[in-house]
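Residues per chain, in single letters:
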Amino acid sequence: DSVEGGFIEAGAMLNEMKIIWHRDVPYPPQIIALASVFAVLGKEARTAAAKQKLAQWFWSVTLGELYGSSTESRLARDVPELVDWISGRGQKPRSLDEALFQRDRLLSLRSRLSAAYKGLHALLMKHGCRDFISGRGVELMTFFNDRIDIHHVFPQAWCKKNGISPNIYNSIVNKTALSKQSNIAISGDAPSVYLKRIEDKQGISKQDLDDILRSHLIEPDYLRSDDFDAFFASRTKSLSSLITEAMGKPVVEEQGTNEEESEDSTNDSEIDEDRES
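Presented here is an overview of the structure given in this document.

Cut-offs and rules
Residues numbered from 1 in each chain as written. Predicted model: local features only at pLDDT ≥ 70, side-chain atom pairs only at ≥ 80, totals over all residues. Heavy atoms only, no water. Helix = DSSP H or I, 4+ residues; strand = E, 2+ residues; numbered from the N terminus. Buried < 20%, exposed > 50% of the residue type's maximum accessible area, 1.4 Å probe, protein only. Contact = heavy atoms within 4.5 Å. Areas by Shrake-Rupley, 256 points an atom, 1.4 Å probe, with all protein chains shown as cover. Phe/Tyr/Trp six-rings, centres within 6.5 Å; stacked < 30°, edge-to-face > 60°. Expected span 1.5 Å × (residues − 1). Arc of directions from axis to C-beta. Core = buried A, V, L, I, M, F, W, Y, C linked by side-chain atoms within 4.5 Å. Axes fitted to C-alpha atoms, helices over the stretch in contact; angles between N-to-C directions. Parallel < 35°, antiparallel > 145°, perpendicular 65-115°, else oblique. Left-handed = near helix turned anticlockwise from the far one by under 90°. Nonpolar A, V, L, I, M, F, W, Y, C, P; charged D, E, K, R; others polar. Salt bridge = Lys/Arg side-chain N within 4 Å of Asp/Glu carboxyl O.

Broken down by element type, the chain carries 16 helices and two strands. Looking at the chain residue by residue over its 277 residues, the buried ones come to 53%. Excluding contacts between residues fewer than 6 apart, the proportion of contacts in the chain whose partners are at least 24 apart in sequence is 75%. Roughly 12,600 Å² of accessible area belongs to the chain as shown, and the carbon and sulfur atoms make up 48% of that amount.

This is the structure:
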């Protein structure tokens, strides 16, 4: 019964961290780790302080991409260290010290094949990003009803026309969580064009839409002036700050884990559908 309860609690915590769809779980063994801690500690692991520690561990091993190999040995080490840390009998897990995120990794996160890509997508939703059209945040019901997914901010078609490399415009820096309706509204147009279209068709004020853009860590002026370079630099800095807060340690310039992306049965382009015909 305690194990079953642990898995239920683990699922609830994942939802709180805005990991709602099973394909967005960075590493499945993380569910086992969370469930084990909840099963062992019971109510002691359900306090705000305990969940804060669990969340720091979760984001650290996700963004540091530590569970890409040697998973069983790391899991066997992390669970008892988490239990001791939360109960006050030991120091923080060694994984927190070992996890690093390099700023340049943001450039190479381009598909769901990366755990860090999934983690950053969830972090943005947890941060409170709101849909361009509905203005709603991401919750369990809105996620599925609005068909929330990862989409380009500067559309692929616009980037191609303006000579921006796919390696740049396909990175997670140029992507965010949006509904299918918002993605269709964006089409393949310049941001200055689609933002005006959303304002006119949806009756939303420029100020309100700017506030929504900021919830995605996007500086509105750069979108309204179609300044891709300024947008990219600004959002890289903002995403780095978000990662720093989640991991409880600064983003670094040195080489990180940089987990290699392997082939998956689902092509990311099938999921990330920008309507650009």
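Turning our attention to the packing of aromatic side chains. Inspection of every chain in the model, using the stated rule, returns eight aromatic pairs. Ring geometry for Phe 154 versus Phe 228: centroids 5.1 Å apart, planes at 80°, classification edge-to-face. Note that Phe 154 is positioned in the loop between β1 (149-152) and α9 (156-161) and Phe 228 in helix α15 (residues 228-247), a separation of 74 residues in sequence. Given the relative accessible area of 0%, Phe 154 is considered buried. For Phe 228, a relative accessible area of 5% corresponds to the buried category. Considering the side-chain rings of Phe 154 and Phe 231, the 5.1 Å spacing of their centres and the 45° angle between planes classify their relative orientation as tilted. Of this pair, Phe 154 sits in the loop between β1 and α9 while Phe 231 sits in helix α15, and the two are 77 residues apart along the sequence. Residue classification places Phe 231 among the buried positions, given a relative accessible area of 1%.

Our next topic: helix α12 (residues 191-202). Compared with an ideal rise of 1.5 Å per residue, which puts twelve residues at 16 Å, α12 spans 16 Å between its outermost C-alpha atoms and is within 8% of the ideal. For α12, the complete set of buried residues consists of Pro 191, Tyr 194, Leu 195, Ile 198 and Glu 199. Buried residues along α12 cover an arc of 140° about the axis, so they all sit on one side. Looking at α12, the residues exposed on the side facing more than 90 degrees away from the buried face are Asp 200 and Lys 201. In the core, the buried residues of α12 are packed alongside α11 (180-186), α13 (206-215) and α14 (220-224). Gly 203 sits one or two positions beyond α12 and adopts a positive phi of about 70°.

Further remarks concern the nonpolar core. Ranked by size, the top nonpolar core spans 76 residues in total, and within it Leu 34, Trp 57, Trp 59, Phe 101, Leu 223 and Phe 228 carry the most contacts. When near neighbours in sequence (up to four residues on either side) are disregarded, Phe 101 contacts Leu 63, Leu 106, Leu 109, Ala 116, Ile 243, Met 247, Val 251 and Val 252. Grouped together as the second largest cluster of nonpolar side chains are seven residues, Ile 20, Cys 129, Phe 143 and Ala 177 included.

All right, on to the packing of α12 against α13 then. Between two packed helices, what matters for the description is the angle formed by their axes and the separation of those axes. Running from N to C, α12 and α13 cross one another at 125°; their axes reach a closest spacing of 10 Å. By the angle between their axes, α12 is oblique relative to α13. With respect to the hand of their crossing, α12 and α13 are arranged in right-handed fashion. Judged by residue contacts, Leu 195, Ile 198 and Glu 199 of α12 engage Lys 206, Leu 209 and Leu 213 from α13. A per-class count over the contact of α12 with α13 returns four nonpolar, no polar and two charged.

Moving on, we come to the packing of helix α7 (residues 115-127) against α15. Two numbers describe how α7 lies on α15: the axes approach to 11 Å, and their chain directions differ by 85°. Comparing their axes, α15 and α7 come out roughly perpendicular. Residues Leu 120, Leu 123, Leu 124 and His 127 of α7 touch α15, and the partners they reach there are Arg 235, Leu 239, Leu 242, Ile 243 and Ala 246. In terms of residue class, the contact of α7 with α15 is built from seven nonpolar, one polar and one charged.

For the structure shown, the criterion picks out 18 salt bridges. Glu 98 is paired through a salt bridge with Arg 74; the nearest N and O atoms lie 2.8 Å apart. One end of the pair, Glu 98, is in helix α5 (residues 94-98); the other, Arg 74, is in helix α4 (residues 71-87), and 24 residues separate them in sequence. Glu 81 is the salt-bridge partner of Arg 94, the closest N and O atoms lying 2.5 Å from each other. On the criterion of sequence distance, the pair formed by Arg 94 in helix α5 and Glu 81 in helix α4 is long-range, its members being 13 residues apart. The exposure class assigned to Arg 94 is partly exposed, which follows from its relative accessible area of 43%. Given a relative accessible area of 16%, Glu 81 falls into the buried group. What you see here is one network of salt bridges that share partners, running through Glu 9, Glu 16, Arg 46 and Lys 51.

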